[in-house]
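# Structure at a glance
One-letter residues, chain by chain:
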Amino acid sequence: MKKLVALVLAMIMALSAVSALAEGVKIAFSQIGQESDWRTANTDSINKWVGEHEGWDYIYDDAQQKQENQIKALRNFITQGVDVIVLTCIVDSGWEEVLKEVNEAEIPLILVDRMPDCMDKIEYYAAFGGDFVEEGRRQVAWAGEYLKSIGRGDEEVCVAIMEGTTGSGAQVGRTEGNLLAMEAYPNLKKVAQQSGNFTRAEGQALMESWLKSIDKIDVLIAQNDDMALGAIDAIKAAGKVPGKDIIIVGCDSVKVAFQAIVDGEMNATIECTPLYGPAVVKAIEDLLAGAEGSKDILHPEEGVYDTDGGIDVGGVVSVKAGDVIDERVY
Ligand code: AHR
């Protein structure tokens, strides 16, 4: 009898602890900044789903592209005694010390989009992000397969790789995937590889300088759509025709990139979804309900979009951007 009473009491205490947490639960999100259309959509998704969730208090911090601001924000969240921290890491390294402080404060951590390189040394409840290596592989595979489809599979083709923010998970992973896929298409010859920092302005400036210093660029692999769009402006200003004189493959699949494809100025974009709001809400609800977390990084299903559709990049076949542009919300 005594045992039964103790068990019931323990259950009541556990349930009331969960509901006390659920009532005034404070969630804090450290975002890296607003460098691209993708990032704006990502911020909007998390701010809407988590920020507008009934009964939750929400703190949002924009680090203005500086890791030191993110570290400061995390320490502030600890001081404020938040209940859950959501984090996107601007770069891979330099997180172990502060994330161990988060662990010591026993604040559950949810990792979104870009992961830290110390995941095996820290505790976290859940992790969601794009498969960056696969996205980079698909970019080059699309170019290789497309060239084959137009009878240029044996022609030596000069490829420029415009990288994202140096040291970020998205840049490191996509570069690995880009270079890996180049090995499978020996006709592709790398003539440039440099960072455009994931912004439209820096993508434009880098393309301007490449067009002055490099004899021939046939294909541009831009690790996000913003840089591809900046490069398109530079190509036009140099009197060349984007999408024809230079084949352009972006990444993200934002609506403006679909429009550039429909307009014939861009050729393809590899999807990387920014819409993590619902997944973060679900993880927080699971956490509050006492469910076990997971060490796996969950990757969403993502597509490939281009002018006509039908290019098989291995594992996925491209879809015509013009057929889906109206459904794209970001
Ligand atoms: O981490 C995701 C990447 O970051 C997106 O591809 C890019 O547009 C953003 O800035």
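Residues numbered from 1 in each chain as written. Predicted model: local features only at pLDDT ≥ 70, side-chain atom pairs only at ≥ 80, totals over all residues.

## Notes on the site of the ligand
Near the ligand you find 13 residues, and of these Ser-36, Trp-38, Ala-170, Phe-198 and Asn-224 are the closest. If you list the elements that add at least two residues to the shell around the ligand, you get α2 (37–49) and β9 (247–252). Looking at the shell around the ligand, its residues break down into 5 nonpolar, 2 polar and 6 charged. Two domains each donate at least three residues to the shell around the ligand, and these are domain 1 (2–130 + 275–298) and domain 2 (132–273 + 303–327). (Near = placed C-beta within 6 Å. Helix = DSSP H or I, 4+ residues; strand = E, 2+ residues; numbered from the N terminus. Nonpolar A, V, L, I, M, F, W, Y, C, P; charged D, E, K, R; others polar. Domains from an automatic or database assignment.)

## Brief notes about the domain arrangement of the chain
Here the chain is partitioned into domain 1 (2–130 + 275–298) and domain 2 (132–273 + 303–327). Inter-centroid distance (C-alpha atoms) of domain 1 to domain 2 is 33 Å. Across the boundary between the two partners, domain 1 contributes 13 residues, which contact 17 residues of domain 2. Of the residues belonging to the side of domain 1 that touches domain 2, the class tally is 6 nonpolar, 3 polar and 4 charged. (Contact = placed C-beta atoms within 7 Å.)

## A look at the environment of Ser-253
The residue Ser-253 is located in the loop between β9 and α9 (255–262) in this model. For the pair formed by Ser-253 and Thr-269, sequence separation is 16 residues and the distance between their alpha carbons is 5.3 Å. Beyond its immediate chain neighbours, meaning those up to four positions away, Ser-253 contacts Thr-269, Ile-270, Glu-271 and Tyr-305.

## Comments concerning unusual backbone geometry
Even without being glycine, Gln-65 reaches a positive phi, approximately 65°. Residue Gln-65 is classed as partly exposed on the basis of its 17 C-beta neighbours within 10 Å. Phi at Asp-252 is positive, roughly 125°, even though this residue is not glycine. Relative to the assigned elements, Asp-252 resides in strand β9. (Buried ≥ 20, exposed ≤ 12 C-beta atoms within 10 Å, placed from the backbone.)

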